[in-house]
Amino acid sequence: MIKLITILTSNVKRINVFSQAKYSTTFLPQFSSEKYDVKRKKFGVLNSTDVDYFKSVLSEDRVLTEESDVLPFNIDWIKNCRGQSQLVLKPKTTEEVSQILSYCNEKHLAICPQGGNTGLVGGSVPVFDEIVLNFGLMNNIISLDDISGALVCEAGCVLENLDNYVRDHNLIMPLDLGAKGSCQIGGNVSTNAGGLRLLRYGNLHGSVLGLEAVKADGTVVNCLRTLKKDNTGYHLKHLFIGSEGTLGVVTKVAIHCPVLPKSVSLGYFGVESFENVLKLYQNAKSSLGEILSAFEMADNDSISATLDSFKLANPIAEYPFYVLLETHGSNEAHDNEKLSRFLTQGMERGLILDGTVTSELTKMKNIWHIRESIAGAGLAGGYVFKYDVSLPLSRYYALVHTLRERFSHPARVYGYGHVGDGNIHINVIVPEYSKEITAKLEPFIFEEVAKVGGSISAEHGIGFRKPQFIHYSKDKTALNLMKDLKKSMDPNGILNPYKVLPDVVT
Ligand SMILES: Cc1cc2nc3c(=O)[nH]c(=O)nc-3n(C[C@H](O)[C@H](O)[C@H](O)COP(=O)(O)OP(=O)(O)OC[C@H]3O[C@@H](n4cnc5c(N)ncnc54)[C@H](O)[C@@H]3O)c2cc1C
């Protein structure tokens, strides 16, 4: 019989994982250009006339030049990358963004667009002295149609704030991720963020109805439509979704918000093997059907590292694997009936060894908090190599075993992720960064992914860390077309240089 364990909420504290990312004078990462041996491209060099121009476009307080003010914008969330920008600009309107880009394009000044700076592939911070264009002050909600669910807002709106807003109108945001308290909708769109409920609500190529973007030369591209159907020529919004600020900057977004589910339940289960995780997933799909909203898994190492790092309590005993399963439905009795059939079957077949199921908000939040904190686990105790790959489900966990065999010491390897999307996150934690360990991991891991037809980046993007490996997942002809698009939309290459596209297509 499954145990309906009461979670000790007092032990499961909500520790903010973002405190990890706060800049501290005691630890500054090495400059990315030195760490990864990159040469600066031939861009203009910022001078005082440029700064004066930006001050004339923005108010003085939105032009940051003091080293200590600029520093946090130069360092990424996992403290892996560090740029050398001397200038942060904080526009409030599309017109300001357009003026800034038009000027930079003329002067060949490079730009690094930045949202909440929660990206995990170094795309959100400069590499050299690119000007940081930060969207934090473009945070107005423009409209919400609570019948169609179309929300229109500025790019700098924080995802969690949007979710809180639409919940008051009986809707939810179609995406949810551990970084929701800091990441911005413009950053989400630019990375095509996936997150915890992609299984149910699909990806942003489906949910984004329209957007407004500014090209490198300052041209404002208005594709801000809220229609569900609009087949009038090329679907240009898709060029900006997932292009990580290399083709244009997103200034406004129109997005479809699904209806707030009337009944929500969350199960957290202990499972014996990954094989059983897959069997349970198959059962969940057939028994729960349309109400299944998330199916996440984490191995024992992921959970124990998270519990240790953040002093959290495990709501159930220790197991080799854990599954977190969520349902979103509209009829509690109907949903409970389905869930209880699924649970009975799972226990009878020995797939669920132990677990807890709850519909109480605080308890659900506490369980989700454990899952969402995994990304930050281990950051304090060493250096974390983070991989985010898609694999056929039959091969989903095999890579963790392979890496463990290859790096038995001194690394700790763990795997967790969105089983429903075939997306596993693999963290390799070592006492400190070294080029030797990097060379053992890369390109090995990408070769292994390519061998089974996977993707080297399931949802975090290519950013600064992976352009040289993109060919493991993208064909040469596709890469050449990407380069042609880049040349046509940003001929001077000022938008997020050193990111996404490799210098040479091999
Ligand atoms: C704890 C944690 C959990 C996470 N979980 C997930 C997850 O489940 N799924 C997932 O997909 N990701 C996840 N991420 C990664 C990250 O949160 C997402 O990539 C997110 O979408 C980034 O949004 P951001 O606003 O922080 O963008 P940033 O990190 O600031 O930028 C990301 C990229 O987008 C570009 N960019 C930002 N804003 C704009 C704009 N307005 N116009 C053009 N380009 C822009 C930047 O140049 C950069 O290349 C997680 C990160 C953390 C720290």
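Everything quoted here is computed from the prediction, not taken from an experiment.

Q: With reference to specific residues and values, describe the overall build of the protein chain.
A: When helices and strands are tallied, the protein chain shows 17 helices and 16 strands. Against the 2.2 N^0.38 benchmark of 23 Å for 506 residues, the protein chain shows a C-alpha radius of gyration of 23 Å, consistent with a compact globule. Evaluated residue by residue, the protein chain yields a buried proportion of 57% over its 506 residues. Long-range pairs, those at least 24 residues apart, make up 75% of the contacts in the protein chain with a sequence separation of at least 6. Accessible surface, the protein chain: about 21200 Å² in total, of which carbon and sulfur atoms supply 50%. On the protein chain, the mean spot of the 52 positive side-chain charges and the mean spot of the 55 negative ones are 2 Å from each other.

Q: Residue-level account of the nonpolar core, with values.
A: Buried together is how nonpolar side chains tend to be arranged in soluble globular proteins. Counting residues in each nonpolar core, the largest one holds 84 residues, and the members touching the most others are F54, F269, L325, F342, L403 and V428. It is helix α10 (residues 274-288) that provides the largest number of residues to this core, a total of 6 residues. With sequence-adjacent residues up to four places away left out, L403 is seen in contact with V413, I426, V428, L441, F444 and I445. Counting residues in hydrophobic clusters, the runner-up holds 29 residues, among them L144, L151, V189 and V250.

Q: Go over the environment of Y103 with me, naming the residues and quoting the values.
A: When you line up the elements, Y103 lands in helix α4 (residues 94-107). Overall, Y103 belongs to the buried group, its relative accessible area being 12%. Between the alpha carbons of Y103 and G218 there is a distance of 8.0 Å; along the sequence they are 115 residues apart. If we skip the residues at most four places from it in the chain, Y103 touches T49, D50, Y53, F54 and L109.

Q: How would you explain the packing of aromatic side chains if you had to name every residue and give the values?
A: Going through the model one piece at a time under the given rule, you end up with 19 aromatic pairs. Ring geometry for Y36 and Y433: centres 6.3 Å apart, planes at 70°, overall edge-to-face. Of the two residues, Y36 is situated in the loop between α1 (32-35) and α2 (48-57) and Y433 in the loop between β16 (423-430) and α15 (435-441); the sequence distance between them amounts to 397 residues. Summarising the burial analysis for this pair, Y36 and Y433 share the class buried. Taking the centre distance of 5.9 Å and the plane angle of 70° together, the rings of Y53 and F54 count as edge-to-face. The partly exposed category is assigned to Y53, whose relative accessible area is 25%. Residue F54 is classed as buried on the basis of its relative accessible area of 0%. Aromatic ring contacts, followed pair by pair, group Y36, Y383, F385, Y433 and F464 into a single cluster. The cationic tip of K35 hangs over the ring face of Y433; the distance from NZ or CZ to the ring centre is 4.5 Å.

Q: Summarise the site of the ligand; cite the residues concerned and give the values.
A: Every one of the 36 residues lining the ligand counts as a neighbour, but P113, G115, G116, T118 and G119 are closest to it. A distance of 2.7 Å separates an oxygen atom of the ligand from a polar atom in the backbone of G115. At 3.1 Å, a side-chain N or O of S190 approaches a nitrogen atom of the ligand. Calculation on the ligand without its partners gives an accessible area of 970 Å², and the protein chains cover 98% of this total. The greatest single-element share of the shell around the ligand, amounting to 5 residues, is contributed by helix α6 (residues 185-191).

Q: I'd like a rundown of the domain arrangement of the protein chain, residues and numbers included.
A: Segmentation of the protein chain into domains returns domain 1 (19-134), domain 2 (141-256), domain 3 (261-361) and domain 4 (378-473). Computed from C-alpha atoms alone, the centre-to-centre distance between domain 1 and domain 3 is 42 Å.

So, how was this worked out
Residues numbered from 1 in each chain as written. Predicted model: local features only at pLDDT ≥ 70, side-chain atom pairs only at ≥ 80, totals over all residues. Heavy atoms only, no water. Helix = DSSP H or I, 4+ residues; strand = E, 2+ residues; numbered from the N terminus. Rg over C-alpha atoms; globule rule 2.2 N^0.38 Å. Buried < 20%, exposed > 50% of the residue type's maximum accessible area, 1.4 Å probe, protein only. Contact = heavy atoms within 4.5 Å. Areas by Shrake-Rupley, 256 points an atom, 1.4 Å probe, with all protein chains shown as cover. Lys, Arg positive; Asp, Glu negative; His and termini not counted. Charge placed at Lys NZ, Arg CZ, Asp CG, Glu CD. Core = buried A, V, L, I, M, F, W, Y, C linked by side-chain atoms within 4.5 Å. Phe/Tyr/Trp six-rings, centres within 6.5 Å; stacked < 30°, edge-to-face > 60°. Lys NZ or Arg CZ within 6 Å of the ring centre and 35° of its normal. Near = heavy atom within 4 Å. Polar contact = N/O pair within 3.5 Å; in protein donor to acceptor, adjacent residues only side chain to side chain. Domains from an automatic or database assignment.

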